[in-house]
Each structure stands twice: as C-alpha cells, then as structure tokens.
Amino acid sequence: MAVKKAALACTECGSRNYSITASKNRTSRLELKKFCKHCGKQTLHKETR
C-alpha cells in the first residue's frame with residue numbers, strides 16, 4: 001500500500017518547506033503556523049498536493 005505524501009507551502013512566499021504523510025480520511029486541507037526559512041519568520045503554511 002502506497003503512502004500519500006503532501007507538502008506544506010508558505011502562504012507569503014509560496015515555497016514548499018515541509019512534507020507530511022497525508023491521511024485519506026481528512027477532507028479539508030491542513031493549515032499550520034510554521035517557520036519559513038525564506039521569509040525568516042513564522043507564517044501560515046497550507047497543504048498542497
């Protein structure tokens with residue numbers, strides 16, 4: 001069985017900084033405040049496919 005992966009992208013600069021394993025049961029996209037090394041601060045990161 002293959003594991004589905006997704007990336008977390010910064011909402012300000014658009015860089016994909018983090019990768020996660022996605023659950024098949026979740027219907028909405030994940031949003032977390034994470035540190036962006038390109039912006040140099042904590043920003044909102046949204047799940048991309």
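Residues numbered from 1 in each chain as written. Predicted model: local features only at pLDDT ≥ 70, side-chain atom pairs only at ≥ 80, totals over all residues. Heavy atoms only, no water.

Student: Tell me what's going on with the pattern of salt bridges, and back it up with residues and numbers.
Tutor: Under the counting rule described, the total for this entry stands at three salt bridges. Linking K41 and E12 is a salt bridge whose minimum nitrogen-to-oxygen distance equals 3.5 Å. One end of the pair, K41, is in strand β4 (residues 41-48); the other, E12, is in the loop between β1 (5-10) and β2 (16-21), and 29 residues separate them in sequence. With relative accessibility at 41%, the residue K41 sits in the partly exposed group. For R26, the salt bridge is made with E47, and the minimal N-O distance between the two is 2.9 Å. Taken together, the positions of R26 in the loop between β2 and β3 (31-36) and E47 in strand β4 put the pair 21 residues apart, joining distant regions of the chain. (Salt bridge = Lys/Arg side-chain N within 4 Å of Asp/Glu carboxyl O. Helix = DSSP H or I, 4+ residues; strand = E, 2+ residues; numbered from the N terminus. Buried < 20%, exposed > 50% of the residue type's maximum accessible area, 1.4 Å probe, protein only.)

Everything listed is a geometric property; what it means functionally is a separate question.
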